[in-house]
Amino acid sequence: MKNKIICRIFTVCCSCILIGGCGKSDRFTVEGVIAGATGQTLYLENTGLSTVTLIDSFKLKTDGKFVFRQKRPEYPDFYRLKLKNQPVPIHFSVDSIETIVFTADAHNFATSYTVEGSENSKAMKEVTLAQLDANEEIHKLRDSRGMNLIPDSTYHESALKAIKSYKDIALKYIFGAPASPVAYFALFQQLDGLWFFDLYDRTDSKAYGAVATSYKAYYPESPRAKQLESLALQSMRVTRGERRRTLNLEDAKEISFLDIDLPDVNDNKIKLSNIAQEGKAILVNFTAYQTEWSPTFNIKLNELYGKYKERGFEIYQVSLDSDTHFWKNAASNIPWISVHDPQSVYSSIAAVYNVKQLPALFLINKKGEMSKRIESIETIEDDIKSVL
């Protein structure tokens with residue numbers, strides 16, 4: 001009789017597994033305790049490729065306990081827990097039917113929490129803290145420079161050091177476990193809307209390539225794999241002058257450059273792609289006219305423009321000045337194309353080009369292809385000659 005009962009229990013369990021674990025085998029669980037948040041609403045959000053989507057919410061009681069259960073993603077995906085009054089959320093990843101447990105305090109929500117049940121999410125905390133530290137350090141440096149407490153040279157040197165500190169943490173995961181969600185997360189962390197890893201930098205290009213290759217191998221149909229594939233190809237094409245080779249990305253489409261459409265001093269919008277269609281070699285320059293180095297730099301550009309204009313050379317200069325009136329006055333007599341981005345230092349266009357410091361220079365060849373990112377002002381003329 002006892003054996004029959006055991007058999008029946010076993011049969012029921014097997015049936016539950018076969019039909020979906022009685023409704024739970026395809027779900028992941030996020031639970032835990034948030035102290036000091038009585039009456040506040042905790043939000044569970046999915047971080048997609050370009051959007052953040054609210055999935056669920058939970059009003060916290062006195063004990064601070066919460067539970068979320070959601071269908072597991074088809075591929076490793078990213079989520080975050082957010083309290084309404086806290087600017088920084090808790091980031092984590094899910095790739096199975098795991099149960100992830102968080103313990104946090106409402107007052108230092110995203111910096112002192114603990115997480116159990118997900119090694120990837122633990123590592124993501126380390127990456128997040130490194131990113132926050134770098135942002136804080138660079139904001140302090142900007143304030144000091146703005147008050148003329150430090151020269152530009154000290155600012156740039158210290159800022160690069162802060163960026164390197166973040167990259168040292170990130171690269172540990174990017175090259176140590178490139179197929180992991182942590183590697184992807186680390187690759188796309190930002191500093192004021194700009195990626196730490198420069199898509200057009202020869203060294204950083206290797207990081208994109210490592211993660212892209214691994215995602216291509218492990219999750220070939222994942223939207224993130226396709227995104228990485230496209231970015232890695234674009235990066236390689238610029239930094240190595242290669243088309244469709246290496247990385248085993250043979251099915252990818254050709255990548256050209258990211259278009260810009262901004263107004264000139266007469267408020268006429270000028271599209272970068274239209275200039276490229278004229279068969280000209282174009283120097284794309286992100287700059288700021290209000291900087292101390294701008295007059296000297298523009299004198300240099302004027303010399304080059306006069307020298308090579310007749311050979312099909314054009315300059316497309318993007319001003320990130322916060323003072324539009326100042327820019328218009330300064331640019332009114334400039335012979336090349338000068339446009340202005342009203343988003344200034346928060347420019348989404350500069351973010352896409354991953355501009356970290358000014359002036360930033362890119363070359364488009366006469367075929368309308370992004371040729372390279374110019375690393376040094378000293379090499380501008382030789383670089384221009386290479387595309388003429």
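Residues numbered from 1 in each chain as written. Predicted model: local features only at pLDDT ≥ 70, side-chain atom pairs only at ≥ 80, totals over all residues. Heavy atoms only, no water.

Draft legend 1. Seen up close, the nonpolar core. Among the nonpolar cores identified, the biggest contains 61 residues, and Ile260, Phe286, Tyr316 and Tyr353 are the most heavily contacted of them. Setting aside chain neighbours within four positions, we find phenylalanine 286 in contact with Ile260, Val318, Leu320, Ile349, Ala350, Tyr353, Val355, Leu358, Pro359, Ala360 and Phe362. Judged by nonpolar contacts, the second largest core, of 23 residues, contains Ile90, Ile100, Ala104 and Phe109. (Core = buried A, V, L, I, M, F, W, Y, C linked by side-chain atoms within 4.5 Å. Buried < 20%, exposed > 50% of the residue type's maximum accessible area, 1.4 Å probe, protein only. Contact = heavy atoms within 4.5 Å.)

Draft legend 2. Quick look at the packing of aromatic side chains. Tallying each qualifying case throughout the model produces 23 aromatic pairs. Ring geometry for phenylalanine 78 versus tyrosine 184: centroids 5.4 Å apart, planes at 25°, classification stacked. Here phenylalanine 78, found in strand S5 (residues 77–83), pairs with tyrosine 184, found in helix H4 (residues 181–187); they are 106 residues apart in sequence, far enough to count as distant. Classification of tyrosine 184 as buried rests on a relative accessible area of 5%. Each ring, one from tyrosine 218 and one from tyrosine 219, has its centre 6.3 Å from the other, and the planes form 45°; the classification is tilted. Judged by relative accessible area, which is 19%, tyrosine 219 ranks as buried. (Phe/Tyr/Trp six-rings, centres within 6.5 Å; stacked < 30°, edge-to-face > 60°. Helix = DSSP H or I, 4+ residues; strand = E, 2+ residues; numbered from the N terminus.)

Draft legend 3. Structural detail: the confidence of the model for the protein chain. Confidence along the protein chain averages 84 in pLDDT terms, with 87% of residues attaining 70 or more. Ignoring residues within four places in sequence, the model shows residues 1–23, a span with pLDDT below 50, making three contacts including any to other chains. Across residues 242–255, confidence stays below pLDDT 50; counting only partners more than four residues off in sequence or on other chains, it has 32 contacts. (pLDDT = per-residue confidence, 0-100.)

Draft legend 4. Molecular detail of the sheet that holds strand S16 (residues 360–364). In space, the five strands of this open sheet follow the order S15-S14-S13-S16-S17, with mixed pairing throughout. With partners counted over all chains shown, the strands left at the sheet margins are strand S15 (337–340) and strand S17 (370–374), one partner each. The mean inter-strand angle of the sheet, taken between neighbouring strand axes irrespective of direction, is 20°. In terms of strand pairing, strand S13 (residues 281–287) meets S16 through five bridges, oriented antiparallel. Each residue of the ladder has a partner; that of isoleucine 282, found in S16, is isoleucine 364. The sheet strands contacting helix H9 (residues 324–331) are strand S14 (313–319) and S15, and the helix crosses S15 at an angle near 175°. (Pairing = 2+ DSSP bridges. Axes fitted to C-alpha atoms, helices over the stretch in contact; angles between N-to-C directions.)

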